[in-house]
Amino acid sequence: MSRKNKHSKLEYFQRNAAGEYIYTGAHMTYVSEGKSRKRLLTELWGTGIGGGICLLAGGFLPIESFRGCFYVLLPYIVALVAAFSCLWTISELTGGGEPMRQYVHDATVLKLPGRAMIAAVAAVLCILGQAIYCILHSGGTVGVLLAFFLLEGAGAAAMVLLFRCIRGANWQLEK
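Residues numbered from 1 in each chain as written. Predicted model: local features only at pLDDT ≥ 70, side-chain atom pairs only at ≥ 80, totals over all residues. Heavy atoms only, no water.

Caption draft 1: Region of the structure containing helix α5 (residues 112–137). Taking 1.5 Å per residue, 26 residues should reach 38 Å; α5 reaches 37 Å between its end C-alpha atoms and fits that length. Every buried residue of α5 is listed here: Leu112, Pro113, Ala116, Ala119, Ala120, Ala122, Ala123, Cys126, Gly129, Gln130, Tyr133 and Cys134. The elements touched by buried residues of α5 are α2 (37–58), α3 (70–95), α4 (102–108) and α6 (142–167). Just downstream of α5 lies Ser138, where phi reads positive at about 55°. (Helix = DSSP H or I, 4+ residues; strand = E, 2+ residues; numbered from the N terminus. Expected span 1.5 Å × (residues − 1). Buried < 20%, exposed > 50% of the residue type's maximum accessible area, 1.4 Å probe, protein only. Contact = heavy atoms within 4.5 Å.)

Caption draft 2: Representation of the sheet that holds strand β5 (residues 171–174). Taken in spatial order, the three strands make up an open sheet running β4-β3-β5, and their pairing is antiparallel. Each of the sheet's edge strands pairs with one partner strand only, and the pair in question is β4 (100–101) and β5. Sheet topology note: the strand β3 (residues 27–30)/β5 ladder contains four bridges and is antiparallel. Within β5, the position partnered with Thr29 by the bridge is Gln172. (Pairing = 2+ DSSP bridges.)

Caption draft 3: Geometry of the pattern of salt bridges. Scanning the entire structure with this criterion turns up three salt bridges. Salt-bridge contacts for Lys35 lead to Glu43; the nearest nitrogen and oxygen are separated by 2.8 Å. A salt bridge links Arg37 to Glu98; the shortest N-O distance between them is 3.1 Å. On the criterion of sequence distance, the pair formed by Arg37 in helix α2 and Glu98 in the loop between α3 and β4 is long-range, its members being 61 residues apart. (Salt bridge = Lys/Arg side-chain N within 4 Å of Asp/Glu carboxyl O.)

Caption draft 4: How the structure looks around a nonpolar patch on the surface. The grouping of Val121, Val124, Leu125 and Leu128 at the surface amounts to a nonpolar patch, some 340 Å² of accessible area in total. Tracing the chain through its elements places Leu128 in helix α5. For Leu128, a relative accessible area of 48% puts it in the partly exposed group. (Patch = residues over 30% accessible without salt bridge, like charges linked within 9 Å, V, L, I, M, F, W, Y side chains within 5 Å. Areas by Shrake-Rupley, 256 points an atom, 1.4 Å probe, with all protein chains shown as cover.)

Caption draft 5: Structural view of the side chain of His105. As for its position among the elements, His105 is in helix α4. Beyond its immediate chain neighbours, meaning those up to four positions away, His105 contacts Met28, Met100, Leu110 and Trp171.

Caption draft 6: Expanded view of the environment of Ser36. You can see Ser36 is positioned in the loop between β3 and α2. The exposure class of Ser36 is partly exposed, given its relative accessible area of 43%. For the pair Ser36 and Ile166, spaced 130 residues apart in sequence, the C-alpha to C-alpha distance is 13 Å.

Caption draft 7: Focus on the state of the cysteines. All told, the structure shown has zero disulfides when counted by the stated rule. Here Cys54 is not cross-linked by a disulfide; its sulfur's nearest cysteine counterpart is in Cys126, at 13 Å. (Disulfide = S-S within 2.5 Å.)

Caption draft 8: Representation of the packing of α2 against α6 within the structure. At a minimum axis distance of 8 Å, the contact between α2 and α6 shows a crossing angle of 155°. Relative to α6, α2 is oriented roughly antiparallel. Crossing handedness for the pair α2 and α6: left-handed. Contacts from Leu40, Glu43, Leu44, Thr47, Gly48, Gly51, Gly52, Cys54, Leu55, Ala57 and Gly58 in α2 reach Phe148, Leu151, Glu152, Ala154, Gly155, Ala156, Ala158, Met159, Leu161, Leu162, Cys165 and Ile166 in α6. Class assignment of the residues belonging to the contact of α2 with α6 gives a composition of 15 nonpolar, six polar and two charged. (Axes fitted to C-alpha atoms, helices over the stretch in contact; angles between N-to-C directions. Parallel < 35°, antiparallel > 145°, perpendicular 65-115°, else oblique. Left-handed = near helix turned anticlockwise from the far one by under 90°. Nonpolar A, V, L, I, M, F, W, Y, C, P; charged D, E, K, R; others polar.)

Caption draft 9: Fine view of the packing of aromatic side chains. All told, the structure shown has six aromatic pairs when counted by the stated rule. Ring geometry for Tyr30 against Trp171: centres 5.2 Å apart, planes inclined by 65°, an arrangement best described as edge-to-face. One end of the pair, Tyr30, is in strand β3; the other, Trp171, is in strand β5, and 141 residues separate them in sequence. Both residues of the pair, Tyr30 and Trp171, count as buried. Between Phe66 and Phe148, the ring centres sit 5.6 Å apart and the planes meet at 80°, which makes this aromatic pair edge-to-face. A residue pair is termed long-range when its members are at least 10 positions apart, and Phe66 in the loop between α2 and α3 and Phe148 in helix α6 qualify at 82 residues. Among the aromatic side chains, those forming a connected cluster through ring pairs are Phe66, Tyr76, Phe148 and Phe149. (Phe/Tyr/Trp six-rings, centres within 6.5 Å; stacked < 30°, edge-to-face > 60°.)

Fair warning: the whole summary comes from geometry, so function is off the table for now.
What follows is the structure, given as structure tokens:
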């Protein structure tokens, strides 16, 4: 992280005559038509938690490829970390309030779509890796594999829905 990005929040604050720091930056307001901010946050939390649980639950299944097959395990870990990063970002967005300070908007609304897509793509790569593993090593228990594919697919789909939900939200600079 560069030094400029590390202290970027500080440029929004200035010291007043009493010596206190006050926020002098812009505010962002949620302005989407047809959907309230509360409904947006409910959808974000629902898809984020649902996707995270599906991705996490797939890791609890007794999958043979999780014992050292990097092309299954690595995308799974990336998907899981990205999904929980999405949840962290949603919590910051929720705590940002309305109107939201611009640095909070930049750290949440602008970063969440990328994190959701990373989680979705990594989950799909995990599914593909598991399919390759099944072809090369003659699979495993059909029921367990089917459950794994369904859980990881549902997690990827939830992350895509999260991406679409946040990309469809409109924010306006308040003056």
